[in-house]
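# Results of the structural survey
Okay, here's what each chain looks like letter by letter:
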Amino acid sequence: DNYNYIYHTKCALLKTSFGCVYNCEFCFCVEITKRKYFERDLEDVIREIKTIEEENIFIVDDNFLYKPKRVLRFCRLLKENNIQKNFILFGRSDFIQNNEGVIEVLKEAGLQAVFVGIESFKKNDLSYYNKRTNVENNVKAVKILEKNGIDCYSGIIAGLDWTAEDFSHLAEWLNQFQNPVI
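Residues numbered from 1 in each chain as written. Predicted model: local features only at pLDDT ≥ 70, side-chain atom pairs only at ≥ 80, totals over all residues. Heavy atoms only, no water.

A side chain with one charge can pair with a side chain of the opposite charge if their charged atoms come near. For the structure on display, the rule yields nine salt bridges. Its salt-bridge partner being R40, residue D44 comes within 2.8 Å of it at the nearest N-O pair. D44 sits in the partly exposed class, given a relative accessible area of 30%. On the basis of relative accessibility, which here comes to 18%, the residue R40 falls in the buried class. Between R92 and D94 there is a salt bridge, with the nearest N and O atoms lying 3.1 Å from each other. Looking at R92, the relative accessible area reads 7%, which means it is buried. Salt bridges here are not isolated pairs; linked through shared partners, they connect R40, D44, R47 and E48. (Salt bridge = Lys/Arg side-chain N within 4 Å of Asp/Glu carboxyl O. Buried < 20%, exposed > 50% of the residue type's maximum accessible area, 1.4 Å probe, protein only.)

If you want it as structure tokens, here you go:
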């Protein structure tokens, strides 16, 4: 009853993996696990989900959307175990853009929202951050989520050198999407 995330009330937290295989310049999660990535067994994850009373579950992995086969197996196990929950998770835009079919299956399994590390609408920033993605991927990913009725929450890194004009450009960029929250 005490845990909420944005519009998702009574939201439980779940961790299915630890660490991240990417090395974004600004991110500390790779330091916590000494640049190693660990996954929990999905059967164990399903057993834990069965104990969760809340309707909403925020999968707080640094990047749940990493291995398409694992994500599809997760969805299959949810279905086999007749688990009906609403999910929120973290994922990268390049995964979403390259795996639209997986996103569709996730939607059927209860995915409501993805927190996408957009980070910037500027190509140079993404390069500097070592994000290994681009502005075009970010746009395509958001549009795929919109098309599938999945909310997109995103992180944007505002530079210390940003001017009022940079914030205006950000607002213009965000307004190309269906439901921007500025």
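Right, let's talk about the packing of helix α3 (residues 68-80) against helix α5 (residues 100-108) for a bit. Contact geometry of α3 with α5 gives a least axis separation of 9 Å together with a crossing angle of 20°. Classified by the interaxial angle, the pair formed by α3 and α5 is roughly parallel. α3 and α5 meet at a crossing whose hand is left-handed. For the pair formed by α3 and α5, the contact residues are P68, V71, L72 and C75 on the first element and V102, V105 and L106 on the second. The residue makeup of the contact of α3 with α5, split by class, is seven nonpolar, no polar and no charged. (Axes fitted to C-alpha atoms, helices over the stretch in contact; angles between N-to-C directions. Helix = DSSP H or I, 4+ residues; strand = E, 2+ residues; numbered from the N terminus. Parallel < 35°, antiparallel > 145°, perpendicular 65-115°, else oblique. Left-handed = near helix turned anticlockwise from the far one by under 90°. Contact = heavy atoms within 4.5 Å. Nonpolar A, V, L, I, M, F, W, Y, C, P; charged D, E, K, R; others polar.)

Next up on the list: the nonpolar core. Formed by 43 residues in total, the largest nonpolar core has its most connected members in I49, L65 and F74. The element that contributes the greatest number of residues to this core is helix α7 (residues 135-147), accounting for six residues. Those residues in contact with L65, other than ones at most four positions away along the chain, are V71, L89, F90, G91, F95, I96, I103, L106 and V114. In this structure, C11, F58, I88 and Y153 belong to the second largest nonpolar core, which totals five residues. (Core = buried A, V, L, I, M, F, W, Y, C linked by side-chain atoms within 4.5 Å.)

Before going further, it helps to spend a moment on the environment of V105. Residue position: V105 is located in helix α5. Expressed as a C-alpha distance, the spacing of V105 and V71, which sit 34 residues apart in the sequence, is 9.1 Å. In this view, V105 contacts L72 and C75; residues no more than four positions away in its chain are not counted.

Although it is not a glycine, N82 adopts a positive phi angle of roughly 50°. For N82, the location among the structural elements is in the loop between α3 and β5 (86-91). Look at N82 and you get exposed, because its relative accessible area is 60%. Although it is not a glycine, E119 sits at a positive phi angle of roughly 70°. Of note, E119 is situated in strand β6 (residues 111-119). You can call E119 buried: its relative accessible area is 8%.

The next point concerns the side chain of D166. Structurally, D166 can be placed in helix α8 (residues 164-174). Of the residues examined, D166 reaches a relative accessible area of 16% and is grouped as buried. When sequence neighbours within four positions are dropped, the list of residues in contact with D166 reads F121, K122 and D161.

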